Structures are given as C-alpha cells and as structure tokens.
Amino acid sequence: EGAPLVFINALGTDLRIWDGVASHLTSYHPVLRFDKRGHGLSDCPPAPYSIRSFSADLLGLLDQLEIPQAIVIGISVGGMIAMDFAACWPGRVHSMILCDTAPVIGTSGLWNDRIDGLRKNGMESMAPSILARWFAPTFKKKSPAAYQGYYNMLTRMPVEGYIGTCEAIRDANLTEAARRVEAPT
C-alpha cells in the first residue's frame, strides 16, 4: 500500500467532489477525504478563518488519525491549504498534487463583491454564476441530475462558512510559502 492520499476540496464543495477519483485509488492507497470547517458536514464555527487555520485543522486531523506523512491533493482553496501545510510542516508531506490553484487567487475587490452579494442576497442568488465557472455551458443540459446535485451542494452550504472561506482566500498570499515547499509537486 502506498502513502495515504489526502484530498482537500474547493470552495463551496464537500468531500463528495472526490468520489469519482478516490474510488479508483483505494486499492493502491489509503484515502482520506474530509470537509474543511464551514463546508459539508463539518461544523461551521464563526469566522474569521484563514488558510493557516485550515492547514492547522489538517495537521490536527492527521495527528488524530496517526498519519505521519501523506500525499496531499488540493483543488482551488484546497491547493492553497496544501501549499501552506507543506510550507509549515514539510515532514508531513510526501508529495502534492495541486489543481486550479495559485498562491494568490483573485483580487480583494472580486472577493469583497462576492461576499457583499452573499450577505445581501444569499447563496441561491449567486449559485448560477458560481456553477457557470465550474462547468462548461453544455453540462447542465447533458447531465441535469449531476448539475442539480452540485447546485444543491452549493446552496445548502452554510453562508457563514462560505463567506469565511472567501475572506481567507482574499487575505491569503502564499507566494513566500510556496517558495519554501520542498515536496515534489
């Protein structure tokens, strides 16, 4: 059995986004998928959140499960968490796979506009524009059940958890942290 795989999901999603991938890997690696704070079935403590608080949560989870080292896989904010985790606790990361992420994602203005829209109008008002960034224009028509499942996942997300994560992304600049990453990526 290979090193454990730890999957970190994107903003507005839960651990189910990894279902199709993880099921193909469990014969080769132990697989850990989890919902970060404010997402999925995890608790939604009051904000503020930070990328560091998410990576510290990951450290606590790995400690609790007695996983000394893992291959860390993150998408979007999950990739930011993975970068920070690898910079802070390099001995805990065997290697990383990062997808659709960067040391800085978006601008403060972009995130502030999204946060303001969510506070004024709620998640359902923003869901169509968010899903339009996730999927090709034809996805909704070709896979209506899957699209509706993602719509439900997003709109049932606690708004406070989503906003707290938006603020964490807005406030993060992992440029220096990324330079410290030694794990093969």
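Reference entry: report on the structure contained in this document.

Calculation rules
Residues numbered from 1 in each chain as written. Predicted model: local features only at pLDDT ≥ 70, side-chain atom pairs only at ≥ 80, totals over all residues. Heavy atoms only, no water. Pairing = 2+ DSSP bridges. Helix = DSSP H or I, 4+ residues; strand = E, 2+ residues; numbered from the N terminus. Axes fitted to C-alpha atoms, helices over the stretch in contact; angles between N-to-C directions. Contact = heavy atoms within 4.5 Å. 1 Å grid on protein atoms, 1.4 Å probe; cavity = no way out; pocket = protein on both sides within 12 Å on 5 of 7 lines; lining within 4 Å. Points joined across faces, edges and corners; volume = space filled by probe spheres on them. Nonpolar A, V, L, I, M, F, W, Y, C, P; charged D, E, K, R; others polar.

**Examining the sheet that holds strand 3 (residues 70-75)**
Stage number 1. The strand order across the open sheet built from four strands is 2-1-3-4, with neighbouring strands paired in parallel fashion. Strands with a single pairing partner mark the edges of an open sheet, and in this sheet they are strand 2 (31-34) and strand 4 (93-99). For this sheet the average axis-to-axis angle between neighbouring strands, irrespective of direction, equals 20°.
Stage number 2. One ladder, built from six bridges, connects strand 3 with strand 4; its direction is parallel. Bridge pairing in strand 4 places Val72 opposite Met96.
Stage number 3. Taken strand by strand, helix 2 (residues 51-64) contacts strand 1 (5-8) and strand 2, and its axis lies near 135° from that of strand 2.

**Things to note about the environment of Ile71**
Stage number 1. Here Ile71 shows up in strand 3.
Stage number 2. Ile71 has contacts with Ala3, Pro4, Leu5, Val6, His29, His94 and Ser95, leaving out every residue within four places of it along the chain.

**Some remarks on unusual backbone geometry**
Stage number 1. Following Ala47, the chain continues to Pro48 via a peptide bond in cis, the omega torsion being 20°.
Stage number 2. Relative to the helices and strands, Pro48 is located in the loop between strand 2 and helix 2.
Stage number 3. For Ser76, which is not glycine, the phi dihedral falls at a positive 60°.
Stage number 4. Within the secondary structure, Ser76 sits in the loop between strand 3 and helix 3 (77-88).

**Examining the layout of surface pockets**
Stage number 1. One number sums up the size of the largest pocket: a volume of about 500 Å³.
Stage number 2. Mapped by element, the contributors of at least two residues to the lining of the largest pocket are helix 4 (108-121), helix 5 (123-134) and helix 8 (159-171).
Stage number 3. Taken together, the residues that form the lining of the largest pocket break down as 13 nonpolar, three polar and three charged.

So far we have only geometry, and geometry alone does not tell us how the molecule works.
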